[in-house]
Amino acid sequence: MLNNFPLWPEQASTIAGHVDALYIFLLIVTGMMALLIFVCLIYFAARFRHRPGVPAEHIEGSTPLEITWSTIPLLVFLVIFAWGAVVYFKERTPPDDATEVYVVAKQWMWKLEHAEGQREINELHVPVGRDVKLIMTSQDVIHSFYIPAFRIKQDVLPGRYTVEWFRATKPGVYHLFCAEYCGTQHSGMVGDIVVLAPAQYEAWMNGGSTGPLSATGEKIFAELGCSTCHRTDTQGRGPNLQGVFGRPVQLEDGRTVTADENYVRECILDPGAKRVKGFQPIMPTFQGLVSEEQVNALVAYIKSISATKGEAGKTSASATVPGVQKNAQPNGSQVQ
Ligand code: CUA
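Residues numbered from 1 in each chain as written. Predicted model: local features only at pLDDT ≥ 70, side-chain atom pairs only at ≥ 80, totals over all residues. Heavy atoms only, no water.

Examining helix α3 (residues 198-205)
Alright, step 1. Buried within α3 we find Tyr201, Trp204 and Met205. For α3, the buried positions fall inside an angular range of 100 degrees around the axis, keeping them on one side. Seen from the open side of α3, the exposed residues pointing more than 90 degrees away from its buried face are Ala199 and Ala203.
Alright, step 2. Along its buried surface, α3 packs onto β2 (109-114), β3 (119-121), β4 (123-127) and β10 (190-196). (Buried < 20%, exposed > 50% of the residue type's maximum accessible area, 1.4 Å probe, protein only. Helix = DSSP H or I, 4+ residues; strand = E, 2+ residues; numbered from the N terminus. Arc of directions from axis to C-beta. Contact = heavy atoms within 4.5 Å.)

This is the structure in structure tokens:
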């Protein structure tokens, strides 16, 4: 309904309608309040104006009136709060079976890598009608990943992952903006979200890949020597990482944390911070030794060795296609 109304960007995700409905409700409520205030203002200015010979009247407060004008706005605000919370949690909670894309922001570009291994810069190809989860981090300053047509925006921070998700509803090309001032070229930190019909997306996916991100991660895991301590039996000097992802982990200091993306990331870059119960503090930090992309690959690998059989099969099925990725970033020019 609003697609031809130029004040609104196109609605192209499942959440867009919900965000717009809440926004329109806010506009109506505030518009009605503004109207009411101005009508009262004009009426009272005329009704109680100074007239010669008429003494000014002293008016005491009215309790019923004050209760009324306190209660009604309170109820309206609570409706806005509850409605806003529902939309917020919907927008903040990625579905479990979402396709994953890793995003690395830097001054001034977006680097994207699909779990299946496709790499893109300032461009993201996604299928229509499928949930896509973005796992995002920054190499330098704070950026913000903003797709107006999807009504989603999330800050991208250095040193940790933030997450957002969407399900595109219409094929097309949509703007991607950086929405956090991040330096001189901030306004140029833009890109395209290309939403394709499923068949076209499959064709695009088959255009080539360097192999699934988890396989890249497995290679890095071996190259860095991680596998010498993190063995797949109980004899390793580090914890066995099979099946760890997504589960609670007991820490040496008594706390329990969930092994999510941020935990795995922290363990690689700052192993001492949340050491697993029963293990010695012998793991060196890999801060500065691995790029953000390599950390992402390692996270994807740790995740893959914990995935259920079905998920693992799904990820590797579309990823074994050889060939050259048309949007691939040459390995040599990887910017740190
Ligand atoms: Cu990145 Cu603004």
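Next, the rest of the story.
What to know about the pattern of salt bridges
Alright, step 1. Going through the model one piece at a time under the given rule, you end up with 14 salt bridges.
Alright, step 2. A salt bridge links Lys274 to Glu266; the nearest nitrogen and oxygen atoms lie 2.9 Å apart.
Alright, step 3. Judged by relative accessible area, Lys274 falls into the partly exposed class, the value being 24%.
Alright, step 4. The exposure class of Glu266 is partly exposed, given its relative accessible area of 26%.
Alright, step 5. Each of the salt bridges in this network shares a partner with another, and the network as a whole consists of Glu100, Lys133, Glu261 and Lys303. (Salt bridge = Lys/Arg side-chain N within 4 Å of Asp/Glu carboxyl O.)

Structural notes on the nonpolar core
Alright, step 1. One finds Trp110, Leu134, Phe145, Ile147, Phe150, Phe166 and Ile193 to be the most contacted residues of the largest nonpolar core, which totals 28 residues.
Alright, step 2. Looking at this core, the elements with two or more residues in it are β1 (99-106), β2, β4, β5 (131-138), β6 (143-147), β7 (152-156), β9 (172-178) and β10. (Core = buried A, V, L, I, M, F, W, Y, C linked by side-chain atoms within 4.5 Å.)

Comments concerning helix α4 (residues 213-223)
Alright, step 1. Taken residue by residue, α4 has Leu213, Ser214, Gly217, Ile220 and Phe221 as its buried positions. Considered in projection along α4, the buried side chains sweep an arc of 115 degrees and stay on one side of the axis. Exposed and oriented more than 90 degrees from the buried face of α4 are Lys219 and Glu223.

Some thoughts on the packing of α4 against helix α7 (residues 292-304)
Alright, step 1. Where α4 meets α7, the closest approach of the two axes is 7 Å, and the angle between their N-to-C directions is 100 degrees. The pairing of α4 with α7 is recorded here as roughly perpendicular in orientation. Where α4 approaches α7, its residues Leu213, Ser214, Thr216, Gly217, Glu218, Ile220 and Phe221 are matched on the opposing element by Gln294, Asn296, Ala297, Leu298, Ala300, Tyr301, Ile302 and Ser304.
Alright, step 2. Looking at the contact of α4 with α7 residue by residue, the class counts come to eight nonpolar, six polar and one charged. (Axes fitted to C-alpha atoms, helices over the stretch in contact; angles between N-to-C directions. Parallel < 35°, antiparallel > 145°, perpendicular 65-115°, else oblique. Nonpolar A, V, L, I, M, F, W, Y, C, P; charged D, E, K, R; others polar.)

Concerning the packing of aromatic side chains
Alright, step 1. What the rule picks out here adds up to 10 aromatic pairs.
Alright, step 2. Between the aromatic rings of Trp110 and Phe145, the centroid separation amounts to 4.9 Å while the plane-to-plane angle is 80 degrees, which identifies the pairing as edge-to-face. Here Phe145 lies in strand β6 and Trp110 lies in strand β2, a separation of 35 residues in the sequence. The pair Trp110 / Phe145 is uniform in exposure class, with both members buried.
Alright, step 3. Counting every residue linked through ring pairs, the aromatic cluster contains Tyr43, Phe44 and Phe48.
Alright, step 4. Stacked on the ring of Tyr161, the Lys or Arg Arg265 has its end atom at 4.9 Å from the ring centre. (Phe/Tyr/Trp six-rings, centres within 6.5 Å; stacked < 30°, edge-to-face > 60°. Lys NZ or Arg CZ within 6 Å of the ring centre and 35° of its normal.)

Digging into the sheet that holds β10
Alright, step 1. Spatially, the five strands line up as an open sheet ordered β4-β10-β9-β6-β7, and their pairing is mixed. Pairing within the sheet leaves two strands with one partner each, and these edge strands are β4 and β7. Looking at each pair of strands side by side, their axes are set apart by 20 degrees on average, direction ignored.
Alright, step 2. Summarising the sheet, β6 and β9 pair through two bridges and their orientation is antiparallel. Across the sheet, the residue bridging to Phe145 is Cys178, located in β9. (Pairing = 2+ DSSP bridges.)

Comments concerning empty space enclosed by the protein
Alright, step 1. Across all of its chains, the model carries two cavities of 30 Å³ or more by this definition.
Alright, step 2. In terms of lining, the second largest cavity is formed by Ser13, Thr14, Ile15, Glu91, Ile152, Trp165, Phe166 and Arg167.
Alright, step 3. In terms of residue count, strand β8 (residues 162-167) provides more of the lining of the second largest cavity than any other element does, three residues in total.
Alright, step 4. Residue composition of the lining of the second largest cavity, by class: four nonpolar, two polar and two charged. (1 Å grid on protein atoms, 1.4 Å probe; cavity = no way out; pocket = protein on both sides within 12 Å on 5 of 7 lines; lining within 4 Å. Points joined across faces, edges and corners; volume = space filled by probe spheres on them.)

Here's the deal with the packing of helix α1 (residues 16-47) against helix α2 (residues 63-92)
Alright, step 1. Relative orientation of the contacting elements α1 and α2 amounts to 160 degrees, with a least axis distance of 10 Å. Here α2 runs roughly antiparallel to α1, going by the angle between their axes. In this structure, α1 crosses over α2, and the sense of that crossing is left-handed. On the side of α1, the interface is formed by His18, Val19, Ala21, Leu22, Phe25, Leu26 and Val29, while α2 contributes Val76, Val79, Ile80, Trp83, Gly84, Val87, Lys90 and Glu91.
Alright, step 2. When the residues that make up the contact of α1 with α2 are grouped by side-chain class, the tally is 11 nonpolar, two polar and two charged. (Left-handed = near helix turned anticlockwise from the far one by under 90°.)

Brief notes about the confidence of the model for the chain
Alright, step 1. This prediction gives the chain a mean pLDDT of 84; 89% of its residues lie at or above 70.
Alright, step 2. The low-confidence segment residues 309-336 (pLDDT under 50) makes 43 contacts with residues lying over four places distant or belonging to another chain. (pLDDT = per-residue confidence, 0-100.)

Let's talk about the pairing of β4
The side chains of a regular strand alternate, first on one face of the sheet and then on the other.
Alright, step 1. In terms of burial, β4 is a largely internal element, four of the five residues being buried.
Alright, step 2. The pairing of β4 with β10 spans five bridges and is parallel. Across the sheet, the residue bridging to Val126 is Val195, located in β10.

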